[in-house]
Amino acid sequence: MTFFLKRLGHAAFLLAGVSVLSFLLLQLAPGDFFDEMRLNPQISPQTISHLRSQFGMDQSLPVRYWRWLRSAAHGDFGYSFAYNAPVSPLLRTRALNTVLLAGVSTLVAWIIALAIGVWNATRAGRWPDRLSAGVFSFSLAVPDVLVALLALLIAVRSGLFPVGGLGSSRFEEFSFLQKARDIAWHMVLPVSVLAFGLVPTLTQHVRSAVMGALSAPFVRAARAHGIPPARLLFRHVLPAAANPLISLFGVSLATLLSMSLLVEVIMSWPGLGPFFLEAIMARDVYVVIGVVLLSTSFLVVGTLLADALLLAADPRIRRS
Amino acid sequence: MKSSTQFRIGLSVLALLHLAVLVPGFFAPYDPAEQDRSLSFAPPTAIHFKAHDGSWRLRPFIYSVTATNDGDYAEQSGPEYPLRFFVRAAPFRLFGIIPCATHLIGVDAQAKFLLIGADRYGRDQFSRLLYGGQISLFAGLLAAALSLSLGAILGIVAGFYGKWIDDGLMRLAELFLALPWLYLLFAVRAFLPLTVSTTTTFFLVVIIIGLVGWVRPARLVRGIVLSAKERKYVLAARGFGASNLYLLRRHIVPETYSVLLTQATLLVPQFILAEVTLSFLGLGIAEPVPSWGNMLSSLQQYHVLVSYWWMFLPGLALAVVFLGYFSVADALEKHVQSASS
Amino acid sequence: MTSPSASVARVEASTAPLLRLRGLTKTYRQRHLWREDRPIHALENINLEIPAASAFALVGESGSGKSTLAMCIAQLEALDAGEVWFKQKQLTGLSSDELRHQRAKIQLIFQSSALALNPRFTTIEAVTEPLEIQGSAERSQQREIALECMRLTGLTPELAQQRILTLSGGQRQRLAIARALTLSPELLMFDESFSGLDLIVQAQVLRLLASLQKSRSLTYLLITHDLSLVIGFASHLAVMQSGRIVESGAVSEVLAHPQHAHTQALIAAMPKWPTLQAAESGA
């Protein structure tokens, strides 16, 4: 239990640190949105200074940080200049979309990785194992940019899959089931691209974790007792291999988020990615900071979840 | 395959590529900025050994190509332009200083030899591939050098001096690790002026990528330093009156070399990819300077994606580079594993 | 078995002690979050005098504080209280420059020579290291001195370029001694340096030490738990228990008339080999 509390405190510290970092980055912006406004002759200087004070831009640094932090804690991430609307609602839908994509991709990738990894571990050194190792090392070399573009090409050429977006044009008219099917159809390509990027390394780790567990003395003893292989696998080997794999899950979240950013942009998936890029181009600072904070929170929460999973799965950690 | 063959092949491929992009001016037939609107998205020029009349030539040659009415390109039946070697063509500067005008391959000025086709402005993609490769590959190398140096120094300081320096540094490291690096990269990039000169952008990109990536090398180096400083021979050297600096120089830092080398082979491809991603999305190296990233970004338009397959080639080049680095990294790791066992 | 110490025992100790320890104390604190801090008294008020040109044995069970004492004498660990006097000069509280100069005179040789030598170094690099650190001679001279010390310890010059990894245990131990000698020390401390060696090798090294002592006028501090080593080699003896010195004096005296219970226990624990005569005459 102390382990989990420690991780919780740790997570809180991380979030605080990131908020400071983000806020400092905010201050780095040479000139802000209002400088560009100043170039617009239709907006009077008085309006500008009024807007500036409204946003608290003329206060001292710690004050601004505190005000910003307070509102962020309430879920208010500021105001988007480009959309002329508060940031949070804009973030919410898109965040959900990103979580959907990332979540499904991780699930798919892990299922594939577990299947192939376990299979390879049990037949280590033989040709299926060597073949997949070879295939995976090649696939790792292909950059995700290329994979995403190729997937897009397939979509456009074959017409089998939609070329982007979340739902078809008549989405609103669909029943719930139809909506779900529609979204799933739109997700096939982005999920495939993400899974393609995740599966090689995951499989590698699953394989080594399972091999490690297989060679453990207690597994050998269990086998000697005559325990059938399926039961052996699910009740003895996999739980033993769980510890490094759950840690891997926690660590791979950061890569997952970064990968999904690129894939979302290229395949026009309406998640945080394209929104983030847009905001950067438009120097919409509050959106940028909001996205950074949100994505980091995802990471921190995800790692915390992984730690909780670890606690549940590994009795050795519970005891310590 | 055996790790030493793997290592040698990987290293040779990498060496060749880096050599080619080190002096792009020589290997590229044209200036990367040279436009020719009449050859917009012209396909790769076919190299012939057999002429239209059926006779064979010893020397490979091309026909000149013009646009047809329906937007396609057709070969002229006209004069043959043999491929010449060591031609005098557009002047460039070797290593940026020595003026030179000799190119490895070229044809007479009336025809254009587009080995891998042209882009929207009719610029030779092959030349742009080489010049862009220089940017992308060296951005990766420089950023990796920065990360490794920073990481090594911080790791050594944290490991050797310990206590609160170590604690503080490790907390900072965890903070950096907690951030999704691409988001961080973008955010930092976002807060710098969008349009600056190319050299500034290049160094900016290198510095940002390098600053984000110091954590893993630092942690590994710290681990090594922590165990190295407890060794008995370090204690013995202290007994001879050694200063901290001597201990670091003679006993501790040499232990970090192998880990830094393996980290280098892993970081460089990551950083090349980071630069490519940034430039692809318009946040890195901008037109007209080529980078493999911004060369790929035209593929975001559907008509380019579908019709002009040669625009994908920078992606293939990237894959080859990564394969090279990965085989070297793999071979190094196997070597280290066998050495320590 | 001819005792290599016969010549040693007969050397007269000079009147002023080479090393004087006064009130050395060192306490470790084990920190616990919820329990009381438990102090570990590694050294408690140690007082000792080591005569020059002697072979002084420091005997005790593991955990008695022998190694800690050696480290404190060599100024490799800090003392909580007490003074270390080397030839009428206090070692504690010296400036770093002066300390560096003094370090040359007192050398500590560790138990495991394999760990005490950097495996990446070549033999000659390891032997010249002390000279390099002290900066006491020119580069060419350093090599000469190193080779000379190697010769003294029975290491052939052909070994100079070999990596330390390739040397045997006995060669490494000699190497450790050779490099300690390069600085012309006056006190050589051996922390359980013989426990890992084969008996034959151990005898060879002891013979070497005996001959060196005379030619280089060295004083030895031998830390060991092996009392039989003491009998064969040492001139003086001190017994440690739980961080305290319970008995000290000339070897012959202490062994013949042990005063302290612990000393008696140690002597009683020594294996007694029946002599050949007893075996023949007895049952």
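Since the model is a prediction, treat every value here as computed from it, not as a measurement.

## Structural notes on the overall build of chain A
Thought 1: The helix and strand inventory of chain A stands at 13 helices and two strands.
Thought 2: In chain A, which comprises 320 residues, the share counted as buried stands at 36%.
Thought 3: Intrachain contacts of chain A at a sequence separation of at least 6 include 72% that bridge at least 24 residues.

## Let's talk about the nonpolar core
Thought 1: Counting residues in each nonpolar core, the largest one holds 235 residues, and the members touching the most others are Ala 148, Val 288 and Val 291 of chain A together with Met 189 of chain C.
Thought 2: The biggest single contributor to this core is helix 3 (residues 125–161) of chain B, with 16 residues.
Thought 3: When residues of this core are assigned to domains, at least three map to each of domain 1 (45–113) and domain 2 (129–340) of chain B.
Thought 4: Ignoring any residue separated from it by four or fewer positions in sequence, one finds Val 291 of chain A in contact with Leu 91, Leu 272, Phe 275, Phe 276 and Ala 279 of chain A together with Tyr 183 of chain B.

## Considering the interface of chain C and chain B
Thought 1: Listed per partner, the contact involves 18 residues of chain C and 14 residues of chain B.
Thought 2: For the side of chain C that touches chain B, the secondary-structure elements that each account for two or more residues are helix 3 (96–103), strand 6 (106–109), helix 4 (113–116) and helix 5 (123–134) of chain C.
Thought 3: In terms of residue count, helix 5 of chain C provides more of the side of chain C that touches chain B than any other element does, four residues in total.
Thought 4: Split into classes, the residues belonging to the side of chain C that touches chain B amount to ten nonpolar, four polar and four charged.

## As for the packing of helix 5 (residues 87–122) of chain A against helix 12 (residues 285–313) of chain A
All names here are of chain A.
Thought 1: Axis separation between helix 5 and helix 12 bottoms out at 11 Å; the angle between their running directions is 45°. In terms of orientation, helix 5 lies oblique with respect to helix 12. Crossing handedness for the pair helix 5 and helix 12: right-handed. Residues Val 87, Leu 91 and Ala 95 of helix 5 form the contact with helix 12, whose own contacting residues are Tyr 286, Val 287, Gly 290, Val 291 and Leu 294.
Thought 2: In the contact of helix 5 with helix 12, the residues fall into seven nonpolar, one polar and no charged.

## Side note on the sheet that holds strand 1 (residues 17–30) of chain C
Residues and elements named next belong to chain C.
Thought 1: Strand order in the open sheet formed by four strands is 2-1-4-5, with antiparallel pairing between adjacent strands. Two strands lie at the open edges of the sheet, namely strand 2 (38–51) and strand 5 (89–90), each paired on one side alone.
Thought 2: Strand direction decides the pairing type here: strand 1 and strand 2, joined by ten bridges, are antiparallel. What sits directly across from Lys 26, in strand 2, is Leu 43.
Thought 3: Helix-sheet contacts for helix 2 (residues 66–73) involve strand 1, strand 2 and strand 4 (81–86), and the interaxial angle to strand 2 is about 65°.

## Details of the sheet that holds strand 9 (residues 236–241) of chain C
All names here are of chain C.
Thought 1: On the basis of which strands lie adjacent, the open sheet formed by six strands has the order 6-7-8-3-9-10 and mixed pairing. Edge positions in the sheet fall to strand 6 and strand 10 (244–250), since each of these pairs with one other strand and no more. Taking the axes of each pair of neighbouring strands and ignoring which way they run, one obtains an average angle of 15° across the sheet.
Thought 2: By the bridge criterion, five bridges tie strand 7 (residues 187–191) to strand 8 (residues 219–224) in an arrangement that is parallel. Paired with Leu 188 across the bridge in strand 8 is Tyr 220.
Thought 3: Strand contacts of helix 11 (residues 261–269): strand 3 (55–60), strand 9 and strand 10, with the helix running at about 110° to strand 9, the strand carrying the most contacts.

## Topic: the interface of chain B and chain A
Thought 1: Of the residues lining the interface, 32 residues belong to chain B; the matching set on chain A comes to 36 residues.
Thought 2: Per-element accounting of the side of chain B that touches chain A gives the leading share, seven residues, to helix 5 (residues 181–190) of chain B.

## Digging into the confidence of the model for chain C
Residue and element names in this part refer to chain C.
Thought 1: The predicted model of chain C has a mean per-residue pLDDT of 81, with 88% of residues at 70 or higher.
Thought 2: The model gives residues 1–13 a pLDDT under 50, and that stretch makes 21 contacts with residues more than four places away or in other chains.
Thought 3: For this predicted complex, the interface confidence score (ipTM) comes to 0.85, while the overall pTM stands at 0.81.

About the thresholds
Residues numbered from 1 in each chain as written. Chains lettered and ligands numbered in written order. Predicted model: local features only at pLDDT ≥ 70, side-chain atom pairs only at ≥ 80, totals over all residues. Helix = DSSP H or I, 4+ residues; strand = E, 2+ residues; numbered from the N terminus. Buried ≥ 20, exposed ≤ 12 C-beta atoms within 10 Å, placed from the backbone. Contact = placed C-beta atoms within 7 Å. Core = buried A, V, L, I, M, F, W, Y, C linked by C-beta atoms within 7 Å. Domains from an automatic or database assignment. Nonpolar A, V, L, I, M, F, W, Y, C, P; charged D, E, K, R; others polar. Axes fitted to C-alpha atoms, helices over the stretch in contact; angles between N-to-C directions. Parallel < 35°, antiparallel > 145°, perpendicular 65-115°, else oblique. Left-handed = near helix turned anticlockwise from the far one by under 90°. Pairing = 2+ DSSP bridges. pLDDT = per-residue confidence, 0-100.

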